[in-house]
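# Architecture and fold: a report
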Amino acid sequence: MRIRMPLRYASWMLRDALRSVGVIELIVIGLMTFLLINLRSAADGKGPSGVTLLAQLVTGFDWVVVMVATGGIVATDLTRGYFRTLFSEPVSPPLYYLQRWLVGAVAVGLSVPIAGIGVLVADGSFVFSGAVLVRLLLLYLLLGGLTFMLSTLLRRDWLFALLIFIVQTLIQSLSASGLGVGPTVRAIVRALPPFHLVEIGPGVPTYPGSAALFHVLVYGAVLVGIAVTVLAYRPLGTGGRE
Amino acid sequence: MIVLEGVSKHYRSFRRRGAVQALSDVSLTIHRGEIVGLAGPNGAGKSTLISLILGYLEPTAGQVRIDGRSPRPYVVATGIGYLPELIAIPAGWTVDGALRRFASLGGAPLQRIEAAIETTGLAEHRFKAVKTLSKGTMQRLGLAQALLADREVMILDEPTHGLDPLWTQRFRDIVQALRRPDRSIFIASHNLDELERVADRVAIIHQGRLDRIVTSGQASTATLFRLTLAAPCAGLFEAFPGAEAVEGRSNEFRVRGDLVSLNLSLARLIALGGQVAGFYAEESRLESEFRAVVGEERP
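Going along each chain's sequence as written, the residues are numbered from 1 onward. Whichever chain is written first is A, and whichever ligand is written first is 1; the rest continue in order. In keeping with the predicted nature of the model, local features appear solely for residues at pLDDT of at least 70, side-chain atom pairs appear and are counted solely at 80 or more, and the whole-chain, interface and lining totals rest on all residues. Just so you know, side-chain values use all the structure's heavy atoms and leave hydrogens and water out.

### Points about the overall build of chain B
Put simply, the test is: Each helix corresponds to a stretch of at least 4 residues labelled H or I by DSSP, and each strand to a stretch of at least 2 residues labelled E; elements are numbered beginning at the N terminus. The buried label goes to any residue with under 20% of its type's maximum accessible area, the exposed label to any with over 50%, and the partly exposed label to all in between, with areas taken from a 1.4 Å probe on protein chains only. The contact criterion used is simple: two residues touch if any of their non-hydrogen atoms lie within 4.5 Å.
Per the secondary structure count, chain B includes eleven helices and 13 strands. Its C-alpha atoms give chain B principal-axis dimensions of about 70 × 50 × 40 Å. Across the 299 residues of chain B, 52% fall into the buried class. Looking at chain B alone, contacts between residues at least 24 apart form 68% of all its contacts between residues at least 6 apart.

### Topic: the sheet that holds strand 3 (residues 35-39) of chain B
All names here are of chain B. Which entries qualify depends on this criterion: Only strands joined by at least two bridges in the DSSP assignment are considered to pair. Axes, fitted as lines to C-alpha atoms, cover a helix only where it is in contact. Angles between the N-to-C directions of the axes lie from 0 to 180 degrees.
As summarised here, the arrangement of the six strands in space is 5-6-7-3-8-9, forming an open sheet in which the pairing is mixed. With partners counted over all chains shown, the strands left at the sheet margins are strand 5 (81-83) and strand 9 (209-215), one partner each. Between one strand and the next, the sheet's axes are offset by a mean angle of 15°, whatever the strand orientation.

### Quick word on a nonpolar patch on the surface
Residue and element names in this part refer to chain A. Quick reminder of the rule: A patch consists of residues whose relative accessible area exceeds 30% and which take part in no salt bridge; residues with like charges are grouped when within 9 Å of each other, and nonpolar side chains (Val, Leu, Ile, Met, Phe, Trp, Tyr) when within 5 Å. Areas reported as accessible are Shrake-Rupley estimates using a 1.4 Å probe. Residue values count occlusion only from the protein chains shown. Salt bridges are defined by distance alone: a side-chain nitrogen of Lys or Arg within 4 Å of a carboxyl oxygen of Asp or Glu.
On the surface, a nonpolar cluster with roughly 540 Å² of combined accessible area is contributed by Ile-37, Ile-117, Leu-120, Val-121, Phe-126 and Phe-128. Top contributing element to the nonpolar patch by residue count: helix 7 (residues 111-123), with three residues. Tracing the backbone shows Val-121 in helix 7. Note on Val-121: relative accessible area 56%, which makes it exposed.

### Structural notes on the sheet that holds strand 13 (residues 276-283) of chain B
Residue and element names in this part refer to chain B. With antiparallel pairing, four strands are arranged side by side in an open sheet as 11-12-10-13. With one partner strand each, in any of the chains shown, strand 11 (244-245) and strand 13 form the two edges of the open sheet. Pairing analysis gives six bridges linking strand 10 (residues 224-229) to strand 13, with the strands arranged antiparallel. Paired with Leu-229 across the strands is Val-276, a residue of strand 13.

### Overview of the interface of chain A and chain B
Here is the rule: Accessible area that two parts lose when put together, evaluated with a 1.4 Å probe and summed over both, is termed the buried area. As used in this structure description, the phrase polar contact means that two N or O atoms lie within 3.5 Å; if the pair is within protein, one of them must be able to donate a hydrogen and the other to accept it, and residues adjacent in sequence are counted only when both atoms belong to side chains. For this scheme, ten residues count as nonpolar: Ala, Val, Leu, Ile, Met, Phe, Trp, Tyr, Cys and Pro. Four count as charged, namely Asp, Glu, Lys and Arg, and the remainder, Gly too, count as polar.
Tallying the contact residues gives 27 residues for chain A and 34 residues for chain B. Carbon and sulfur atoms make up 58% of the surface buried where chain A meets chain B, a total of about 2600 Å² over both sides. Linking chain A with chain B are two salt bridges. Our count for the contact surface shared by chain A and chain B stands at 14 residue pairs in polar contact (both at pLDDT 80 or more). Listing elements by their share of the side of chain A that touches chain B, those giving two or more residues are helix 1 (10-42), helix 5 (83-86) and helix 6 (93-109) of chain A. No other element matches the four residues that helix 5 of chain A contributes to the side of chain A that touches chain B. Here the side of chain A that touches chain B is composed, by residue class, of 15 nonpolar, six polar and six charged.

### Quick word on the nonpolar core
For clarity, the cut-off: Only buried residues count toward a nonpolar core, which is a set of Ala, Val, Leu, Ile, Met, Phe, Trp, Tyr and Cys residues joined through side-chain atoms within 4.5 Å.
Within the largest apolar cluster, 111 residues are counted, with the highest numbers of intra-cluster contacts made by Phe87(A), Tyr96(A), Phe148(A), Ile80(B), Ile89(B), Ile155(B) and Phe186(B). No other element matches helix 8 (residues 130-151) of chain A, which puts twelve residues into this core. By size, the runner-up hydrophobic cluster in this structure holds 26 residues, among which are Leu147(B), Ile204(B), Phe290(B) and Val293(B).

### Some points on the confidence of the model for chain B
All names here are of chain B. Stated formally: pLDDT measures how confident the predictor is about each residue, on a scale from 0 to 100.
When pLDDT is averaged across chain B, the result is 89; 95% of the residues are at 70 or more. Per-element confidence in chain B is highest for strand 4 (residues 61-66), whose mean pLDDT is 96, and lowest for helix 8 (residues 216-219), whose mean pLDDT is 61. Here the predicted complex carries an ipTM of 0.86, next to a pTM of 0.88.

### Focus on the pairing of strand 9 of chain B
Residue and element names in this part refer to chain B. Of the strand pairs in this sheet, strand 8 (residues 201-206) and strand 9 are connected by six bridges, and their pairing is antiparallel. What sits directly across from Arg-201, in strand 9, is Thr-215. Where strand 8 hands over to strand 9, the hairpin turn is made up of two residues, of which Gln-207 adopts a positive phi near 50°.

### Digging into the pairing of strand 7 (residues 184-188) of chain B
Residues and elements named next belong to chain B. To keep it simple, the criterion reads: Place the viewer so that the strands point away; then a crossover is right-handed whenever the path from the first strand over the helix to the second strand goes clockwise.
With five of its five residues buried, strand 7 lies for the most part within the structure. Burial of the side chains of strand 7 extends over both faces: Ser-184, Phe-186 and Ala-188 are buried on one face and Ile-185 and Ile-187 on the other. Strand direction decides the pairing type here: strand 3 and strand 7, joined by four bridges, are parallel. Within strand 7, the residue paired with Gly-37 across the bridge is Ile-187. Pairing analysis gives five bridges linking strand 6 (residues 153-157) to strand 7, with the strands arranged parallel. Among the inter-strand pairings, Val-153 is bridged to a residue of strand 7, identified as Ser-184. Regarding the hand of the β-α-β motif, the stretch spanning strand 6, helix 6 (residues 165-178) and strand 7 is right-handed.

So this is what it looks like as structure tokens:
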């Protein structure tokens, strides 16, 4: 039996992703650029510019676009019953959702060139940063992968993923700032996805180091692997919750 | 060919702290070239049975095979023409967009979209959003989706649900046109009349058990008829000793019997001066069998 990605359906998936993620990217970056121009004129033209500005624009809403791209990716189809018509077609559910998740990454990645246009409007020159794009895609791998995995098991995947994201980020920043975090909490945070390793941060963005990159890639691959495995082995009719 | 062998399905119920038995030891074969109906009251296990055939559920015991394969690998490789009981399609899609998507996903040629739209009369709704469609139009869209690809296995779950009488009739023609020597068609319905007209055999399921299978010849043999007289006739009860007057209808009676005895009784009635204004089947063999299965007497 040949099992293939439903590539013929990829254009429809991209269209759906652009209608949700793309529209949010345009609106948020448009608003942020407008705000930035006004703030700059109030501060006599002082403020970040170029690649730093691009990084700030993307950091402002990176987790939002990841959540929009992946929230309910599987759970919505299962709970609303869309899966019944979709998977009576000759399509493998794990490959269908893996492709949908990958297409989501493309839509999220578009944030960087769109933010570049925002910089063009503010600064007069278009900029692009590979480091920002890589960090954004790694965030997609971790947060989007976590949401994808949770979506095969839970209805409110996005809520649980967001909670984990917030808890990990908070405790990590407390720990980094030298405030007392107990060994148990530190162990829990170590087990959670390493969001801090993909943070874009202030200043000129840089590529993550090889150790951090390896950690994130392995962690993300495991999340996506679990999602695909659950989809391959649990019957869809139980909503994966039997 | 679809084969179910000793299929049982239990659902775990956390509220009831036990298992809910949806299907118990069901064995059924749907041959190629055959249209098989599935009848049963609400909660009998019809939808569970269909989910098992599509591989959306795994049986707790027994096995389901389609052309010798487990359902999911079969569907992933070949696809099944399937109309769900309550078709769910994202509200923002248009009729045209939905069919294009399903054609793309199922590898159906785009020309088939035109044919499906024509067959199901969706031309005037083509560019409407799914959320604006009536229940009947939505059902026709579901049918169009099921017809898009040329599948060897078709499963239609409550296909006339929400259809008006005109489209219910057209549906019968559509199903008859789908009949092909290499195709197995399985139709679940509450509508016994519909099943009787289109199916070769009808499986009656009750409380998760396959109680009996009524074949087409039996199904079309009515046993209960309604007799309407043009005027009162004193010889009625001589010709039809068991005739029962229909409450609130003058000169209308229910009579039972097989075709031979009924013809003899009608001839006797006419000889006795009775004028027959109408004579039609009131309850078919399938309806009688169904009542017998669910243990309900006719009022």
